[in-house]
Amino acid sequence: MNTEINEVITSALPLAPILTPLGLGVLLLLPMRRQWRVALALASALLTLTFALLLMNATVGGVLVSELGGWKAPYGIVIAADRLGAFMSTLSAICGVFTVWLMAAQPDPVREEYHSFALTSFLFGGVQLSFLTGDLFNLFVAFEVMLVASYALAVLGSTREQLREGFRYIVMNLSASALLVVACGLAYGTLGTLNFAHLAQRSAALGPNTTVTAVGVLLLIVFAAKGALFPLGFWLPGTYPAVPHATGAFFAAVLTKVGLYALIRVFTTVFNQDPQLPNTLLLVLGAVTMLYGALGALSQREWRRILSFTVVGSVGYLAFGLGLDSPDALRASLAYLAVSVIVTLAMFLIAAVAERASGTRLVRARGFIEFLPLLAACFLLCALTVAGLPPSAGFVAKFDLIRAGLEGGTGLAYLATASALISSLITLYALLRVWSGFFWGRHPRDEPVRRLSWPERLPAYLASALVVALALFAGPLLGYARATADDLQSTRYVVGVMGDQPLDLPARPKGDEVQEKDDAPNTENIQKPQDSP
Amino acid sequence: METLFAVLVGLLVAAGVFLLLSRTIIRVVLGLAFVAYGVNLAILTVAGLRDESPPLLTLEGPYVDPLPQALVLTAIVIGFGTTALLLTVALRAYQVAGHDDVAAFGDNLARNPDAPDGQHADPEHLSPDLPEADHADDTAVQMAEFERLRRLTR
């Protein structure tokens, strides 16, 4: 009896963080008073976080698989949570709680009338689904759920700026989605399956194959566009500052990381037979993206534009770590991923307070250390974390990353490492310029200072406290990242989803066999059923 | 059959990309629709096109694989939704900007960030912008607060 209940719970747990925000998001569409709506949205975010933490606890032992409709892995769609998926799910759920809090603290009657709370909840659901799905085509569906909600949030309010940036964002992402569908079709045409684990088995059985590599590179382009790697990330620095503060914080902290999660999943678990070309591409793109982000941050004068460019830079570091393709580099990237999500969240929440207090989006008013000393301290800490200087978690993760780069050995790895060091320095300079431009100096008399209520300021402080916690608990963080990297390098995910028995595919049905019960099971055939030319 | 479809997919995607590069918003939307159609045909093509395989179980096999059709169906539904959303955004952009050229929204980086945002070319369809002046009435309060803070910190 007890084991039965346990089984039900473990099979339902991967679904819980997905269904909670989607279901409660539908409830949020009902007409109700604002405080009820806020309470419901906050409850949904907290419940999602609880489920994500439970999932993280449960995946320490192995992969949790939830078979939709009871269909076994290669036949039906599975929701599979391994360490990486649960980790990402938890990080995004944390960001979700802060986002809802800030939305509640900054009333926005117009956007709330047009269901910004429900759309945010759908966005959380889509993000969770992309982290937990075990199927390539379902990943496309998850991306669309997430992106449609984000499109609506990006243009909700219809200011000129939002429409301009939102239209560009939508067109860019729809083009990338079309490429993703093509990649799904090609993967199915070549390997005859769409399940991640089954794809991994079949591409391993097929060995290095140019068509599979081409599909992999096509997927790399798609995820590079979603994750804002250099030539495809031009939409990002304009879009994130155009949306309201709370939504912008979630976009910046999580949405690019979804693309990176997909890159990690595809190139460590699925298409790992011929890593030469994807790794070279990732290294080059990563190195250029870092420099682009750092120089872009230097060139801007607005709070959230500067921070958006640092987001682009952090994506570059992650691509660099992934392109090095060693266990140490993977561990360092995973640790950096966690640090980057939390510190970006904290930075955008700080920017929300700073913009509201000074009444302008420009980093112009000086002397705010007089009025907001704690915020100044938080900003300095986060700036050090983003740049990667010692008393911060950013230093630990970046040090690990640079060391892995130096151990990489190839000329390209050295070049990318040099780019990482240079762009860290430029990022530090850009962020210290914000510090000296906004917090330092003497406040001009004629500029007004708006006093903010504590619920509006507290998220920034709490998120900064999380950044401190990451620095204090860097050891456990790196330990978890190490275990996750080991999982990704082994076949644990594949075995967890597919089982360790060889798969018995039934023969293709013939017309005369339809009414009969016995269809002789065929042994595992690698070639696709239609035997491609 | 496959060759014909490959050429067709190429033509559709080429037309779509050509329209995507246009400056007119509605052409961009149509271009994305063309690309989506090309993509759907591509899935059907890579899954194998045969005259002799019927899709129904009442006829003699071997049957055509039903999964790509399910994929295409899903892609069509999602494409329908996103196209509808994009059309709504395009309409809104037209209402707010007054014409449907992408230049209507101005240049991104040369923008003056202090300029009032939300001037409407079409007074019939005002966008639900937050009025810029929603904090203007409490400027006096803010200034008093500011003075108090200055006194405190001196």
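Residue positions are given per chain, counting from 1 as you read along its sequence in written order. In the order they appear in the text, chains get letters beginning with A and ligands get numbers beginning with 1. Totals for whole chains, interfaces and linings use every residue, but because this is a predicted model, local features are given only for residues with pLDDT of at least 70 and side-chain atom pairs only at 80 or more, for both listing and counting.

A. Spotlight on the overall build of chain A. Secondary structure counts use DSSP, requiring at least four H or I residues in a row for a helix and at least two E residues in a row for a strand, with both numbered from the N terminus. When helices and strands are tallied, chain A shows 21 helices and four strands. Its C-alpha atoms give chain A a radius of gyration of 23 Å, near enough to 24 Å, the size a compact globule of 533 residues would have. Along the longest, intermediate and shortest principal axes, the C-alpha atoms of chain A span 90 × 60 × 45 Å. To sort residues by burial, count the other C-beta atoms lying within 10 Å of each one's C-beta; a count of 20 or more means buried, 12 or fewer means exposed, and anything in between means partly exposed. C-beta atoms are built from the backbone. When the 533 residues of chain A are sorted by exposure, 59% land in the buried category. Here, residues touch in the contact sense if the C-beta positions derived from the backbone fall within 7 Å of one another. Long-range pairs, those at least 24 residues apart, make up 79% of the contacts in chain A with a sequence separation of at least 6. Between the two quantities, the radius of gyration covers C-alpha atoms and the globule rule is 2.2 Å times the number of residues to the power 0.38.

B. Geometry of the overall build of chain B. Helix and strand counts for chain B come out as four helices and zero strands. Put simply, chain B runs from its N terminus to its C terminus through helices and strands in the order α-α-α-α. Looking at the 154 residues of chain B, the share that counts as buried comes to 23%. The contacts of chain B with a sequence gap of at least 6 include a subset with a gap of at least 24, amounting to 57%.

C. Seen up close, the packing of helix 8 (residues 160-191) of chain A against helix 3 (residues 67-97) of chain B. Axis geometry follows a simple rule: fit a line to the C-alpha atoms, using only the stretch in contact for helices, then measure angles between N-to-C directions, giving values from 0 to 180 degrees. The contact between helix 8 of chain A and helix 3 of chain B brings their axes to 11 Å, and the two run at 170°. Classified by the interaxial angle, the pair formed by helix 8 of chain A and helix 3 of chain B is roughly antiparallel. Judged by the sense of rotation from one axis to the other, the crossing of helix 8 of chain A with helix 3 of chain B is left-handed. Here Arg160, Leu163, Gly166, Phe167, Ile170, Leu174, Val181, Cys184 and Tyr188 of chain A of helix 8 of chain A lie close against helix 3 of chain B, whose contacting residues are Pro68, Leu71, Ala75, Thr82, Leu86, Val89, Arg92, Ala93 and Val96 of chain B. In this classification, the charged set is Asp, Glu, Lys and Arg, the nonpolar set is Ala, Val, Leu, Ile, Met, Phe, Trp, Tyr, Cys and Pro, and all remaining amino acids, among them Gly, are polar. Grouping the amino acids of the contact of helix 8 of chain A with helix 3 of chain B by side-chain chemistry returns 14 nonpolar, two polar and two charged. Any angle that is under 35 degrees is reported as roughly parallel, and any over 145 degrees as roughly antiparallel; angles of 65 to 115 degrees are reported as roughly perpendicular and all others as oblique. Left-handed describes a crossing in which the near helix is turned anticlockwise from the far one by less than a right angle; the clockwise case is right-handed.

D. Structural view of helix 19 (residues 454-472) of chain A. Residues and elements named next belong to chain A. Between the first and last C-alpha of helix 19 there are 26 Å, a value that for 19 residues agrees with the 27 Å anticipated at 1.5 Å per step. Inspection of helix 19 places Arg457, Pro459, Ala460, Ala463, Ser464, Val467 and Leu470 among the buried residues, and these make up the whole buried set. One face of helix 19 carries all of its buried residues, which in axial projection span an arc of 155°. More than 90 degrees from the buried face of helix 19, the exposed residues found are Trp454, Pro455 and Leu472. At its buried positions, helix 19 is contacted by helix 4 (83-105), helix 15 (327-358), helix 16 (373-387), helix 17 (393-408) and helix 20 (474-489). Multiply 1.5 Å by the residue count of a helix minus one, and that product is the helix's expected span. What the arc describes is the spread of directions from the helix axis to the C-beta atoms.

E. Geometry of the packing of helix 14 (residues 303-324) of chain A against helix 15 of chain A. Residues and elements named next belong to chain A. Two elements in contact, helix 14 and helix 15, have axes whose closest approach is 9 Å; the angle formed by their N-to-C orientations is 175°. It follows from the interaxial angle that helix 14 and helix 15 lie roughly antiparallel. Across the interface between the two elements, Trp303, Arg304, Leu307, Val311, Ser314, Tyr317, Leu318, Gly321, Leu322 and Leu324 from helix 14 touch Ala329, Ala332, Ser333, Tyr336, Leu337, Ser340, Thr344, Met347, Phe348, Ala351, Ala354 and Glu355 from helix 15. For the contact of helix 14 with helix 15, a count of residues per class yields 15 nonpolar, five polar and two charged.

F. Region of the structure containing the environment of glutamate 67 of chain A. Residue and element names in this part refer to chain A. Topologically, glutamate 67 is positioned in strand 1 (residues 64-67). Taking the C-alpha atoms as reference points, glutamate 67 and glycine 134, 67 residues apart in sequence, are found 9.9 Å from one another. Apart from residues no more than four positions distant in its own chain, glutamate 67 is found in contact with Lys72, Gly76 and Val78.

G. Representation of helix 17 of chain A within the structure. All names here are of chain A. The end-to-end C-alpha separation of helix 17 is 23 Å, in line with the 22 Å expected for 16 residues at 1.5 Å each. Every buried residue belonging to helix 17 is among Ala393, Gly394, Val396, Ala397, Lys398, Asp400, Leu401, Ile402, Ala404, Gly405 and Gly408, and all of these are buried. Lining the buried residues of helix 17 we find helix 14, helix 15, helix 16, helix 18 (411-439), helix 19 and helix 20. Note on helix 17: the residue one or two positions beyond its end, glycine 409, has a positive phi of about 90°.

H. Up close: the nonpolar core. To count as a nonpolar core, a set of buried Ala, Val, Leu, Ile, Met, Phe, Trp, Tyr and Cys residues must be joined through C-beta atoms within 7 Å. Counting residues in hydrophobic clusters, the biggest one holds 230 residues, and the most contacted among them are Cys184, Ala249, Leu345, Ala346, Leu349, Ile350 and Cys382 of chain A. Looking at which element gives the most residues to this core, the answer is helix 15 of chain A, with 23 residues. In contact with cysteine 184 of chain A, not counting residues within four places along its chain, are Leu136, Phe137, Phe140 and Leu194 of chain A together with Leu71 of chain B.

I. Here's a closer look at the UniProt feature "domain: NADH:quinone oxidoreductase/Mrp antiporter transmembrane" (unreviewed entry) in chain A. UniProt positions are given in the numbering used here, feature names are shortened, and annotations may be inferred rather than shown by experiment. Residues given the UniProt feature "domain: NADH:quinone oxidoreductase/Mrp antiporter transmembrane" (unreviewed entry) here are residues 134-422 of chain A. Taken as a whole, residues 134-422 of chain A contains 81% helix and 0% strand, while its terminal C-alpha atoms sit 38 Å from one another.

J. Region of the structure containing the confidence of the model for chain B. Residues and elements named next belong to chain B. Every residue gets a pLDDT, meaning the predictor's confidence in that residue, from 0 to 100. On average, residues of chain B score 73 in pLDDT, and 57% of them reach the 70 mark or higher. The secondary structure element of chain B with the lowest average pLDDT is helix 4 (residues 139-153), at 63, and the one with the highest is helix 1 (residues 2-20), at 93. Predicted confidence is poor over residues 107-138, with pLDDT under 50, and the contacts of this stretch with residues over four places away or in other chains come to 31 contacts. Here the predicted complex scores 0.87 on pTM and 0.82 on ipTM.

K. Summary view of unusual backbone geometry. Residues and elements named next belong to chain A. The phi dihedral of histidine 115 is positive, around 65°, even though this residue is not glycine. Looking at where histidine 115 falls in the secondary structure, it is placed in the loop between helix 5 (109-113) and helix 6 (116-132). With a phi close to 65°, alanine 228 is a non-glycine residue in the positive phi region. As for its position among the elements, alanine 228 is in the loop between helix 10 (210-226) and helix 11 (236-242).

L. Seen up close, the confidence of the model for chain A. For chain A, per-residue confidence averages 88 on the pLDDT scale, and residues scoring 70 or more make up 95% of the total. Confidence drops under a pLDDT of 50 for residues 514-533 of chain A, and excluding neighbours within four residues, the segment shows 27 contacts in the predicted structure.

M. Summary view of the pairing of strand 2 (residues 78-81) of chain A. All names here are of chain A. Burial along strand 2 is two-sided: the residues Val78 and Ala80 and Ile79 and Ala81 are all buried. Two strands make a pair as long as DSSP finds a minimum of two bridges between them. Pairing of strand 1 with strand 2, which is carried by four bridges, proceeds in the antiparallel orientation. Bridge assignment links leucine 64 to a residue of strand 2, and that residue is alanine 81.

N. How the structure looks around the environment of serine 92 of chain A. Within the element layout of this structure, serine 92 of chain A appears in helix 4. When the C-alpha positions of serine 92 of chain A and alanine 393 of chain A are compared, they lie 18 Å apart, and in sequence the two are 301 residues distant.

O. Spatial organisation of the environment of alanine 460 of chain A. Residues and elements named next belong to chain A. By the element assignment, alanine 460 lies in helix 19. Distance in space between the C-alpha atoms of alanine 460 and glycine 61 is 34 Å, their sequence separation being 399 residues. Beyond its immediate chain neighbours, meaning those up to four positions away, alanine 460 contacts Ala346, Leu349, Ile350, Val353, Leu375 and Cys378.

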